[in-house]
Amino acid sequence: DIVLCNPPYIESSKIGNVHNLIYKSLDGGNLGIEFTVNLLQKVCNKVKYMILELGSYEQYLILLNKVKNSFKSIAYIKPYNNAKVCFCVLENTCI
């Protein structure tokens, strides 16, 4: 299975004053990856590949460190227009 996901990746402190429903859809936690880490832990035994959008290369590195026992990176894609966002493809090593 392959899952394509655009999880919330904005750091909680950088969101500002918005409606609660919007806040929940943007809030990636303190580092911007907590939602994604929790998601990966929940699908560890179910999904072979995850394609994720992240807010920065730094988030990508932190995410890899946090999930290194269950996922490995097989691709990192930086947009051509020098945007901060990036994409990564993770392979589940538990399946």
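Scroll up to find the structure.
The structure presented is a predicted model; accordingly, all values stated were derived computationally and were not measured.

## As for the overall build of the protein
No. 1: A count of helical and extended segments in the protein gives three helices and four strands.
No. 2: Reading the secondary structure of the protein in the N-to-C direction produces β-α-α-β-α-β-β.
No. 3: At 13 Å, the protein has a C-alpha radius of gyration in line with the 12 Å of a compact globule built from 95 residues.
No. 4: Here the C-alpha coordinates of the protein stretch approximately 40 × 30 × 20 Å along the principal axes.
No. 5: Across the 95 residues that make up the protein, the buried fraction comes to 39%.
No. 6: Considering only intrachain contacts with a sequence separation of at least 6, the fraction spanning at least 24 residues in the protein is 57%.
No. 7: Summed over its atoms, the accessible surface of the protein is roughly 6,000 Å², and 55% of this surface lies on carbon and sulfur atoms.
No. 8: The distance from the centre of the 10 positive side-chain charges to the centre of the 7 negative ones in the protein is 4 Å.

## Describing the sheet that holds strand 2 (residues 49–54)
No. 1: The sheet built from four strands is open, its strands ordered 1-2-4-3 with mixed pairing. The outermost strands of the open sheet, each flanked by one partner alone, are strand 1 (2–5) and strand 3 (71–77). Each strand of the sheet is rotated relative to its neighbour by a mean of 20°, with strand direction disregarded.
No. 2: Pairing analysis gives six bridges linking strand 3 to strand 4 (residues 86–92), with the strands arranged antiparallel. Within strand 4, the position partnered with Ser73 by the bridge is Leu90.
No. 3: Sheet strands touched by helix 2 (residues 34–42): strand 1, strand 2, strand 3 and strand 4. Its angle to strand 2, the strand with the most contacts, is close to 175°.
No. 4: Along the sheet face, helix 3 (residues 57–66) touches strand 2, strand 3 and strand 4 and points at about 15° away from the line of strand 4.

What counts, and where the lines are drawn
Residues numbered from 1 in each chain as written. Predicted model: local features only at pLDDT ≥ 70, side-chain atom pairs only at ≥ 80, totals over all residues. Heavy atoms only, no water. Helix = DSSP H or I, 4+ residues; strand = E, 2+ residues; numbered from the N terminus. Rg over C-alpha atoms; globule rule 2.2 N^0.38 Å. Buried < 20%, exposed > 50% of the residue type's maximum accessible area, 1.4 Å probe, protein only. Contact = heavy atoms within 4.5 Å. Areas by Shrake-Rupley, 256 points an atom, 1.4 Å probe, with all protein chains shown as cover. Lys, Arg positive; Asp, Glu negative; His and termini not counted. Charge placed at Lys NZ, Arg CZ, Asp CG, Glu CD. Pairing = 2+ DSSP bridges. Axes fitted to C-alpha atoms, helices over the stretch in contact; angles between N-to-C directions.

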